[in-house]
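Reading the structure
Chain by chain, the residues run as shown.
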Amino acid sequence: ALSTSEDAGTSCCPLVRLDLGYNRLGDRGASVLAEWLSCGAAAGLETLDVRSNGIPTTARQKLLDAAKVSTKLAVEMFGNPCVPIGSQTTPQRQTLRQAATVR
């Protein structure tokens, strides 16, 4: 069971970076992440690293669309099929790690 910060009597530290790179997430894993992001569960997340996970184009788009719930989230996904290195940048934020950032 998960406990909240109220249960522990301490303040909560929000998750700001989640590195899932090189985990073979594929289509199903990307879909699960997209559902998680779209429900707002990762409100404080600033970086989601899903590089080299075999995420196909359709699932990649679902993930990027779901990430739009946050104006500050950078999704790093280079190294996935049909994602040429350096092609995943948008105007909001660019990083040296070829981050795909969505508004």
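Residues numbered from 1 in each chain as written. Predicted model: local features only at pLDDT ≥ 70, side-chain atom pairs only at ≥ 80, totals over all residues. Heavy atoms only, no water.

Moving on, we come to the pattern of salt bridges. The final tally for this structure, using the stated rule, is five salt bridges. The partner of E76 in a salt bridge is R51, and the shortest N-O contact between them spans 3.3 Å. Of this pair, E76 sits in strand 3 (residues 74-76) while R51 sits in the loop between strand 2 (47-49) and helix 3 (57-66), placing them 25 residues apart in sequence. Of the residues examined, E76 reaches a relative accessible area of 0% and is grouped as buried. A salt bridge links D65 to K68; the shortest N-O distance between them is 3.5 Å. According to the relative accessible area criterion, K68 is partly exposed, its value standing at 45%. Three or more residues joined by partner-sharing salt bridges are found here, namely R17, D49, R51 and E76. (Salt bridge = Lys/Arg side-chain N within 4 Å of Asp/Glu carboxyl O. Helix = DSSP H or I, 4+ residues; strand = E, 2+ residues; numbered from the N terminus. Buried < 20%, exposed > 50% of the residue type's maximum accessible area, 1.4 Å probe, protein only.)

Even without glycine at this site, Y22 takes up a positive phi of about 60°. The topology assignment puts Y22 in the loop between strand 1 (17-19) and helix 2 (26-38). With relative accessibility at 57%, the residue Y22 sits in the exposed group. Notably, R24 is not glycine yet its phi reads approximately 55°, a positive angle.

Take the packing of helix 2 against helix 3 next. Running from N to C, helix 2 and helix 3 cross one another at 15°; their axes reach a closest spacing of 8 Å. By the angle class used here, helix 2 and helix 3 are roughly parallel. Judged by the sense of rotation from one axis to the other, the crossing of helix 2 with helix 3 is left-handed. Only A59, K62, L63 and A66 of helix 3 make contact with helix 2, whose side of the interface consists of D27, A30, S31, L33, A34, L37 and S38. (Axes fitted to C-alpha atoms, helices over the stretch in contact; angles between N-to-C directions. Parallel < 35°, antiparallel > 145°, perpendicular 65-115°, else oblique. Left-handed = near helix turned anticlockwise from the far one by under 90°. Contact = heavy atoms within 4.5 Å.)

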